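# Chain and residue survey
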Amino acid sequence: MRQSSLVVVANRLPLDDNAALDGASEWRRSPGGLASALHAFLPPIPATWVGWAGGVGPAPTLPDIGSLRLRPVPLSVDELREYYEGFANSTLWPLYHDAVQQPVFHRGWWETYRAVNRRFAEAAAEAAEPGAAVWVQDYHLQLVPQMLRELRPDLLIGFFMHVPFPPPELFMQLPRRVELVRGLLGADLIGFQREQAAHNMAQLAEKLIGTPTADDDIEVDGRTVRTAAFPVSIDVAEVRALAARPDVVAQAKQLRRDLGQPKRVLLSVDRLDYTKGIEHRLTAYRELLRDGHVKVRDTVLVQVAVPSRERVESYRDLRDRIEGEVGRINGEFGRVGEPAIHYLNQAFERSELAALYRTADVMVVTPLRDGMNLVAKEFVAAREDGAGALVLSEFAGAAAELEQAFLVNPHDLDGLKETLLRAMEAKPDDLKVRMTAMRKHLAKHDIVAWARDYLTALDHTGRLAETLPGKPRKRR
Ligand code: G6P
């Protein structure tokens, strides 16, 4: 086994075994922000990525991506159900997202979560050379830092939580709360999307384990565990280049024609997930149509809902509800050849997404809770023309950075309708000022800056960050 000085551990590898019902399978880029974020800077680095390749059964053999080695971790059918669909996505995911959906606590799932975390920890321990840095990602793997420290005390261990980390009032509901906090405290540095999450962690450690804390640093077992916010970002250069490609520009024009040359195009792009506020958005849109503020002939809404976690019941129920509502709205307000909503329940190529971003007049991003939301950042990066309005939920991590967006509380239906109208009617000059400010922010805070900030905080020396692509930048 070849070893690396940097090992990244995430539930998913950047390649997903997308098995079709007829047994055929194809490799495609993994869904979600985490995989795209890490994939943006890891390939040129001699690192190893430990993760699940999608599918069940023995791990496939995977080629390197550039200098990046992929080390697949196998999951059985039962493990997929109890670890991934169960504890990770039916207990932790809803609880960490403000319990917008009731979390399910099922005692049987815990042992599997622990066993799978151990398998990831062992794979990482094997892949790490002496004194290496191991960077563990997200809520699926919260026990890995502590397990890894026991296996390999020589390692530098980092953890980054891509999703929100809830306040103690919510976290305390978890039957295995002490073990989960202890698991995280195996790390040297725990990174979050927002400052508040770091406070939550420090408070929880104090409350549940009795560890002294100062400025969100936590003293445990004679070590200091640091916590801090590192808002994740996107590959700004990639999105800009994609959006400027002549075929993408042509495709954007064609899309507009296909949509019937409306006055305005509203666009939403989400994984089909109950945290994304899709239902709230549809309700607001229905009322705007009903009240006559929006006319089908002038305005269309394109809703891309990428299939996600389809074997989990709450996701299937959500899909039924959304498709029912889209059908009702189109049935009531659509005309022949002019639906009110174009609903697309499929994954899109990056270039097609870039064309959609270019076509949109208003990008509508209304999650009820979201760690960051990289779609909002991608839209901004794609708008070289300085046009386009971004309607963004206050409850997305991105709202703390993209302050010039039309910020909105998606629970406030009247507020949401009013904000959508304001965004639709905003003057081009106003939009340009907003877009320019947001683009300026993003240009500085791209994905490489994120990785550099985190890795420099992890090793203090800057040695890890030296391997990153691009020129070093001063820390904010
Ligand atoms: C979120 C999570 C990621 C996850 C992604 C896609 O962004 O933070 O860890 O990979 O959703 O979800 P999936 O369950 O398909 O991996």
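Since the structure is predicted, the reported quantities are computational estimates derived from the model, not experimental observations. (Residues numbered from 1 in each chain as written. Predicted model: local features only at pLDDT ≥ 70, side-chain atom pairs only at ≥ 80, totals over all residues. Heavy atoms only, no water.)

## A few points about the packing of helix H6 (residues 177-184) against helix H7 (residues 195-209)
Which entries qualify depends on this criterion: Axes here refer to lines fitted to C-alpha atoms; in helices the fit is confined to the stretch in contact. Angles between the N-to-C directions go from 0 to 180 degrees. A run of H or I in DSSP becomes a helix once it reaches four residues, and a run of E becomes a strand once it reaches two; helices and strands are each numbered from the N terminus. Working rule for angles: under 35 degrees goes down as roughly parallel, over 145 as roughly antiparallel, 65 to 115 as roughly perpendicular, anything else as oblique. Crossing chirality is assigned from the near helix's rotation relative to the far helix, an anticlockwise turn below a right angle marking it left-handed and a clockwise turn marking it right-handed. The contact criterion used throughout is that any non-hydrogen atoms of two residues lie within 4.5 Å.
Interhelical geometry of H6 versus H7 gives an angle of 125° and a closest axis separation of 10 Å. In terms of orientation, H6 and H7 fall into the oblique class. In this structure, H6 meets H7 at a crossing whose hand is left-handed. Contact residues: Arg177, Val178, Val181, Arg182 and Leu184 in H6; Met201, Leu204, Ala205, Leu208 and Ile209 in H7.

## Overview of the domain arrangement of the chain
Our working rule: Where each domain begins and ends is defined by an automated method or by a domain database. Accessible area that two parts lose when put together, evaluated with a 1.4 Å probe and summed over both, is termed the buried area. Here, a salt bridge means any side-chain nitrogen of Lys or Arg that lies within 4 Å of a carboxyl oxygen of Asp or Glu. Nitrogen and oxygen atoms within 3.5 Å of one another constitute a polar contact, given that in protein one can donate a hydrogen and the other can accept it, and given that sequence-neighbouring residues count only through two side-chain atoms.
Domain parsing of the chain yields domain 1 (4-232 + 447-467) and domain 2 (236-444). Of note, the centres of domain 1 and domain 2, computed from C-alpha atoms alone, are 30 Å apart. Tallying the contact residues gives 26 residues for domain 1 and 25 residues for domain 2. Carbon and sulfur atoms supply 58% of the area buried between domain 1 and domain 2, which totals about 2,000 Å² over both sides. In this structure, the salt-bridge partner of Arg369 is Asp98, at a minimum N-O distance of 3.1 Å. Where domain 1 meets domain 2, there are seven residue pairs in polar contact (both at pLDDT 80 or more).

## Brief notes about the site of the ligand
Here is the rule we go by: Each residue is tested against the molecule or strand, and it is near if at least one of its non-hydrogen atoms lies within 4 Å. Each accessible area is a Shrake-Rupley result for a 1.4 Å probe, and residues are judged covered by the shown protein chains and nothing else. Under the scheme applied here, ten amino acids are nonpolar (Ala, Val, Leu, Ile, Met, Phe, Trp, Tyr, Cys and Pro), four are charged (Asp, Glu, Lys and Arg), and all others, including Gly, are polar.
In the vicinity of the ligand there are 13 residues, among which Arg12, Tyr84, Asp138, His140 and Arg309 approach most closely. Between the ligand and the protein, one listed contact pairs an oxygen atom with a side-chain N or O atom of Asp138 at 2.6 Å. A distance of 2.8 Å separates an oxygen atom of the ligand from a polar atom in the side chain of Arg309. Compared with its free state, where it exposes 380 Å², the ligand has 92% of that area covered by protein. Counting only elements with at least two residues in the shell around the ligand, the list comes to helix H1 (33-39) and helix H2 (77-96). For the shell around the ligand, a count of residues per class yields five nonpolar, four polar and four charged.

## What about empty space enclosed by the protein?
Cut-off, in case you're wondering: The definitions used throughout rest on a 1 Å grid laid over the protein atoms alone, on which a cavity is an enclosed set of points accommodating a 1.4 Å probe that cannot get out and a pocket is an open set flanked by protein within 12 Å on both sides along at least five of seven lines; lining residues are those having an atom within 4 Å of a point. Grid points are joined across faces, edges and corners, and a volume is the space filled by probe spheres set on the points.
Counted under the stated rule, the structure contains one cavity of 30 Å³ or more. Approximately 40 Å³ is the volume attributed to the largest cavity. Listing elements by their share of the lining of the largest cavity, those giving two or more residues are helix H8 (236-244) and helix H12 (350-359). Each residue belonging to the lining of the largest cavity can be placed in one class, and the counts come to five nonpolar, no polar and two charged.

## Things to note about unusual backbone geometry
For Arg309, which is not a glycine, the phi torsion comes out positive at approximately 45°. Relative to the assigned elements, Arg309 resides in the loop between strand E13 (299-306) and helix H11 (313-333). Positioned with a positive phi, Asn373 is a non-glycine residue whose angle comes to about 85°. Locating Asn373 in the fold gives a position in the loop between strand E15 (362-365) and helix H13 (374-382).

## With respect to the environment of Ala354
Tracing the sequence through the fold places Ala354 in helix H12. Taking the C-alpha atoms as reference, Ala354 lies 21 Å from Pro428; in sequence the two are 74 residues apart. Setting aside residues up to four positions removed in sequence, Ala354 forms contacts with Leu242, Ala243 and Val248.

## Examining the sheet that holds E13
What counts here: A pair of strands counts as paired when DSSP detects no fewer than two bridges linking them.
Spatially, E14-E13-E12-E15-E16-E17 is the arrangement adopted by the six strands of the open sheet, whose pairing is parallel. Strands at the two margins of the open sheet, each flanked by one partner only, are strand E14 (341-344) and strand E17 (406-408). Taking each pair of neighbouring strands and ignoring which way they run, the sheet shows an average axis angle of 20°. Note: strand E16 (residues 389-393) against E17, three bridges, orientation parallel. Bridge pairing in E17 places Leu392 opposite Leu407.

## With respect to the nonpolar core
Let me state the cut-off plainly: Residues grouped as a nonpolar core are buried Ala, Val, Leu, Ile, Met, Phe, Trp, Tyr and Cys residues, joined through side-chain atoms within 4.5 Å. With a 1.4 Å probe rolled over the protein chains alone, any residue whose accessible area is under 20% of its type maximum counts as buried; one over 50% counts as exposed, and the rest are partly exposed.
The biggest cluster of nonpolar side chains holds 98 residues, and the ones touching the most others in it are Tyr96, Phe120, Phe165 and Leu185. The leading source of residues in this core is helix H3 (residues 107-127), at 10 residues. When residues are assigned to domains, this core turns out to be shared by domain 1 (4-232 + 447-467) and domain 2 (236-444), each giving three or more. Not counting the four nearest positions on each side in its chain, Leu185 is found in contact with Ile190, Met201, Ala205, Ile209, Ile218, Val220, Arg223 and Val225. Core analysis: the next-biggest nonpolar cluster, separate from the first, contains 69 residues, Leu34, Met372, Leu458 and Leu468 among them.

## Considering helix H16 (residues 447-459)
Just so we agree on the cut-off: A helix is expected to reach a length of 1.5 Å times the quantity of its residues less one.
The terminal C-alpha atoms of H16, which comprises 13 residues, lie 18 Å apart, in line with the 18 Å expected from a rise of 1.5 Å per residue. With 12 of 13 residues buried, H16 lies mostly within the body of the structure. Turning to H16, its buried residues number three or more, namely Ile447, Val448, Ala449, Trp450, Ala451, Arg452, Asp453, Tyr454, Leu455, Ala457, Leu458 and Asp459.

## As for the pattern of salt bridges
Counting across every chain of the model gives 36 salt bridges. Residue Glu287 is joined to Arg290 by a salt bridge in which the shortest nitrogen-to-oxygen separation is 3.8 Å. Here Glu287 pairs with Arg290, and both are found in helix H10 (residues 278-290), just three residues apart, close to one helical turn. Taken together, the shared-partner salt bridges in this structure form one network comprising Arg286, Glu325, Arg328 and Glu332.

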